[in-house]
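# Coordinate analysis (summary)
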Amino acid sequence: TECVSGCVCPEGLFDDGRGGCVEQKDCPCIHNNELYSSGDKIKVDCNTCTCQKGVWKCTDDVCFGTCMIYGSGHYNTFDGKFYDFDGSCEYVAAQDFCGDKNSSGSFSIITENVPCGTTGVTCSKAIKIFLGKTELKLENKESREIQRDVGDDVQYWNRTVGLYLVIEASNGVMLIWDKKTTVFIKLSPKYKGKVCGLCGNFDDKANNDFTTRSGLQETNPLNFGNSWKQSPMCPDVAREIKPCDLKPHRKSWAEKECSIIQSEVFKICHSKVNPHPFYEACVHDACSCDSGGDCECFCSAVAAYAQECMKAEACVFWRTPDICPIFCDYYN
């Protein structure tokens, strides 16, 4: 759309948006408000796009899906729907036991949420992964294996990468856990449209992610979340918790700390990943963590945005000796 013939350039040449005139084959392309010259390549998820005569030509590989659960009840589904749900119970995060008569399912991931702070918000305390007849429980910074009697043998590998524990299974399921409240669930493309739970159905459409356990479409995240609890004994969540309203004295501190997400530090990422939902989630968490762990809640919230920036190929160095420092030599 930027390349238009007109009186600004001689006949046959086009305005390149940078104050020059070029032939059509040299027209630049635009992505996230940045100009790229002909022949430049960019990565979009797992695909590579090449600028050709002012138009992007992309490979069409099917990519892994990623769901993120972090902080006090924030969810970003496989299809990119962002919502909050604060339930104190065990919930199905993702599974392929979804009522299809022909499929027995091969995995299930359960998140155990407990209150963090006094306002009633909840954080993920433990993760259970069912892979065939193997059950893995991630809790207290370590993983524990439990063998059950039923199910197939599914191989898996676990390794530590920097801050994260990574569990990779032969059936195309991968889980990355920061040993605190953040977990990333990655699924191979073969699961597209075949999973269900709090992470949605991975069919590239965000508007139908709130599908309840009984298969109904919901608009309310509370009704949707309640349908995926594991035990009927847990109470339903009846209202959305707003910790900054309950703890107004913490609000200005939370907004000041979290403003780093909207600051110059993350400027190169702003056009690639919308900072607003991550800023709101950060303020929510910084208000709610009022019984120790203030810094941990804040750091997890900023790290979640930094992680999405990394996925969009915007590398941001935001940690400093004052802000969420990490002793890298230890982790290396």
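An unreviewed UniProt entry lists the chain under the name MUC2 protein, with Rhadina sibilatrix as the source organism.

The contact between helix H3 (residues 248-258) and helix H5 (residues 276-288) brings their axes to 8 Å, and the two run at 135°. Taken together, the axes of H3 and H5 are oblique relative to one another. Viewed along their axes, H3 and H5 form a crossing whose handedness is right-handed. From H3, Arg250, Lys251, Trp253, Ala254, Glu255 and Cys258 reach across to H5, where they touch Tyr279, Cys282, Val283, Ala286 and Cys287. Residue classes in the contact of H3 with H5 are distributed as eight nonpolar, no polar and three charged.

Looking now at the pairing of strand S7 (residues 55-58). Relative to S7, strand S6 (residues 47-52) is paired through four bridges, and the arrangement is antiparallel. Looking at the pairing, cysteine 51 lines up with tryptophan 56 of S7. Joining the antiparallel neighbours S6 and S7 is a turn of two residues, in which lysine 53 adopts a positive phi near 50°.

Along its sequence, the chain is organised into domain 1 (13-58), domain 2 (65-227) and domain 3 (243-312). Using C-alpha coordinates to define each centre, domain 2 is positioned 23 Å away from domain 3. Every contact between the two is made by 21 residues of domain 2 and, on the other side, 18 residues of domain 3. Here domain 2 and domain 3 share an interface that buries about 1500 Å² over both sides, 60% of which is from carbon and sulfur atoms. Looking at the side of domain 2 facing domain 3, the largest losses of area belong to Tyr70, Phe82 and Thr119, adding up to 30% of the total buried there. Summed over the shared surface of domain 2 and domain 3, the number is zero salt bridges. Counting every contact that joins domain 2 to domain 3 gives six residue pairs in polar contact (both at pLDDT 80 or more). Contributions of two or more residues to the side of domain 2 that touches domain 3 are made by strand S8 (65-70), strand S9 (74-76) and strand S10 (82-84). Broken down by element, the side of domain 2 that touches domain 3 gets its largest block of residues, three residues, from S8.

This next bit is on H3. Listing the buried residues of H3 in full gives Arg250, Ala254 and Cys258. All buried residues of H3 lie within an arc of 60° about the axis, which places them on one face of the element. Turned more than 90 degrees from where H3 packs its buried face, His249, Ser252 and Lys256 sit exposed. Considering only its buried residues, H3 is in contact with H5 and helix H6 (294-311).

Now for the sheet that holds S7. Read from one edge of the open sheet, three strands run S5-S6-S7, paired in antiparallel fashion. Each edge of the sheet is formed by a strand with only one pairing partner; in this case those strands are strand S5 (41-44) and S7. Within the sheet, the average angular offset between the axes of one strand and its neighbour, ignoring direction, is 35°. Here four bridges tie S5 to S6, and the two strands are oriented antiparallel to one another. Its bridge partner being in S6, isoleucine 42 is matched across the sheet by cysteine 49.

The rules behind each value
Residues numbered from 1 in each chain as written. Predicted model: local features only at pLDDT ≥ 70, side-chain atom pairs only at ≥ 80, totals over all residues. Heavy atoms only, no water. Axes fitted to C-alpha atoms, helices over the stretch in contact; angles between N-to-C directions. Helix = DSSP H or I, 4+ residues; strand = E, 2+ residues; numbered from the N terminus. Parallel < 35°, antiparallel > 145°, perpendicular 65-115°, else oblique. Left-handed = near helix turned anticlockwise from the far one by under 90°. Contact = heavy atoms within 4.5 Å. Nonpolar A, V, L, I, M, F, W, Y, C, P; charged D, E, K, R; others polar. Pairing = 2+ DSSP bridges. Domains from an automatic or database assignment. Buried area = accessible area lost by both parts, 1.4 Å probe. Salt bridge = Lys/Arg side-chain N within 4 Å of Asp/Glu carboxyl O. Polar contact = N/O pair within 3.5 Å; in protein donor to acceptor, adjacent residues only side chain to side chain. Buried < 20%, exposed > 50% of the residue type's maximum accessible area, 1.4 Å probe, protein only. Arc of directions from axis to C-beta.

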